[in-house]
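# Report on the structure
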Amino acid sequence: MSRLDYESGLEGDFWRFTPASARRLFEDVFGAGQVEVEAHGNVLACCGFLLGLAAEEFRKEELDHNDPYFPLLLCVRAVKSEESTARSGATRAASDGKAAILLYHRIDRSSRDRWRLCVSPGNFEKQLDRLVARFRPVSLRELADSVREGRVPHRSIALTFDDGYRDNLASALPLLKDRGIPATFFLSGDGATAGGSFWWEQLDASLEKMGLDGDEARELHWRLAHAAEEDRRRRLADLPQGDGPFPPRMSEQEVASLAREPLAEIGAHGWSHRALSPLPAPELEREIAENVRALSGTLGVEIVSFAYPFGGPVTPETQGILRGFGIQAACAIGGEPVTARSELLALPRVEVGDWSGDELEARLETLLEG
Ligand SMILES: [Zn+2]
């Protein structure tokens, strides 16, 4: 609390919570004439509050004295007008649906999962059953179309898988097909490969060999995530080699068979799974271009969706390049719901953990209804 600014006066001080600023805030929502504001307080009451004194330590008349320049308590009564109620109701019906995009990596059990990418097949199955029973599974393409049209069906859920692990085909796809749930698979290019798997899997094994953990491990991961392909390969080769097996990535033939599934859509995820920012424009473009061209060349289909490696950051420069390659929807992370106001090239996603069906449902209820 502080004294109102004498120069601005009682109706002109908006620098703090004052009767004037409270009125302005509430009238923005409820409309002019729908808000009553009263302030109570004086210098002594303010001092008593700051010092933590009890009301009983003051005389009644000391507390009842009102000095408008030292408000301690603001009382606001706001009444919804019929017009504002109708307006907000109409807006909600048209565009206030909340949806979510789920992000998975691996559907597998693994004793080595430093980056927490695994959801066990058992939990995944329970999660899918819960999605079918309590939500509205849709494809990413359908969800993106609804964002574009400004009408997001409430409780829509789109599933996405990043990187291109073989278990997506072997473990996730049959469970998705059984339930008719569509999914988008964002695949990195060959530049992300190391020993038949991904570079971060090889790094994980090396870190284990070195007994590195915590900040040191994260620092090394950060350096490799920002390194160019060749540099990264050299650095990985210089580390003590960890023991396999590494979880395999899909082969070209496996990607082609996945793409033939009517419920599956293939999207791009960066040629070498390199952090896109702050890359110089030609390297940034190469990471996107090589990945999109290789996928569309192999599959003979247009690639229209993308997931930012490591979830972002999303920059106008990257978005411009994505647009140039015909990308219509790009997924980041952020854990927020998707609404009609979401940006199509910065769609937030929820990273799913190895949760039970109950836990997934509870988290989605909080996200969509909270
Ligand atoms: Zn990834």
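Residues numbered from 1 in each chain as written. Predicted model: local features only at pLDDT ≥ 70, side-chain atom pairs only at ≥ 80, totals over all residues.

## Section: the overall build of the protein
- Each helix and strand counted, the protein has 14 helices and 14 strands in total.
- Taking 21 Å as the expected radius of gyration for a compact globule of 370 residues, we find that the protein reaches 27 Å, considerably beyond that expectation.
- Overall, the protein is about 85 × 50 × 45 Å in size when its C-alpha atoms are taken along their principal axes.
- Restricting to contacts in the protein with at least 6 residues of sequence separation, those with at least 24 account for 70%. (Helix = DSSP H or I, 4+ residues; strand = E, 2+ residues; numbered from the N terminus. Rg over C-alpha atoms; globule rule 2.2 N^0.38 Å. Contact = placed C-beta atoms within 7 Å.)

## Quick look at helix α7 (residues 166-179)
- Compared with an ideal rise of 1.5 Å per residue, which puts 14 residues at 20 Å, α7 spans 20 Å between its outermost C-alpha atoms and is within 8% of the ideal.
- If you look at α7, its biggest bend is around 45°, right at Ala172, and the proline Pro174 turns up within four residues after that.
- Here α7 has its buried residues at Asp167, Asn168, Leu169, Ser171, Ala172, Leu173 and Leu176.
- Residues of α7 that are buried sit in contact with β4 (106-107), α5 (121-134), β7 (156-163), β8 (183-187) and α11 (252-259).
- Two residues or fewer past α7, Gly180 is found with a positive phi of approximately 65°. (Expected span 1.5 Å × (residues − 1). Bend = angle between axes of the 7 residues up to and from the residue. Buried ≥ 20, exposed ≤ 12 C-beta atoms within 10 Å, placed from the backbone.)

## Points about the environment of Ala307
- Tracing the chain through its elements places Ala307 in strand β12 (residues 305-307).
- Judged by the 30 C-beta atoms lying within 10 Å of it, Ala307 is buried.
- When the C-alpha positions of Ala307 and Phe161 are compared, they lie 9.5 Å apart, and in sequence the two are 146 residues distant.
- Excluding residues that lie within four positions of it along the chain, Ala307 makes contacts with Thr160, Asp162, Phe186, Gly267, His269 and Cys331.

## Considering unusual backbone geometry
- A cis amide bond links Ser277 with the next residue in sequence, Pro278, at an omega value of 5°.
- The residue Pro278 is located in the loop between β11 (264-268) and α12 (281-299) in this model.
- For the bond from Gly312 to Pro313, the omega torsion is 5°, close enough to zero to count as cis.
- You can see Pro313 is positioned in the loop between β12 and α13 (316-324).
- Even without being glycine, His273 reaches a positive phi, approximately 50°.
- Residue classification places His273 among the buried residues on the basis of 25 C-beta atoms within 10 Å.

## Examining the domain arrangement of the protein
- According to the domain assignment, the protein consists of domain 1 (19-79) and domain 2 (95-369).
- Computed over C-alpha atoms only, the centres of domain 1 and domain 2 are separated by 51 Å. (Domains from an automatic or database assignment.)

## Quick look at the pairing of strand β2 (residues 73-78)
- Among the 6 residues in β2, 0 count as buried, and that is only a small part of the element.
- Note: strand β1 (residues 35-40) against β2, 6 bridges, orientation antiparallel. The residue of β2 that forms the bridge with Ala39 is Leu74. (Pairing = 2+ DSSP bridges.)

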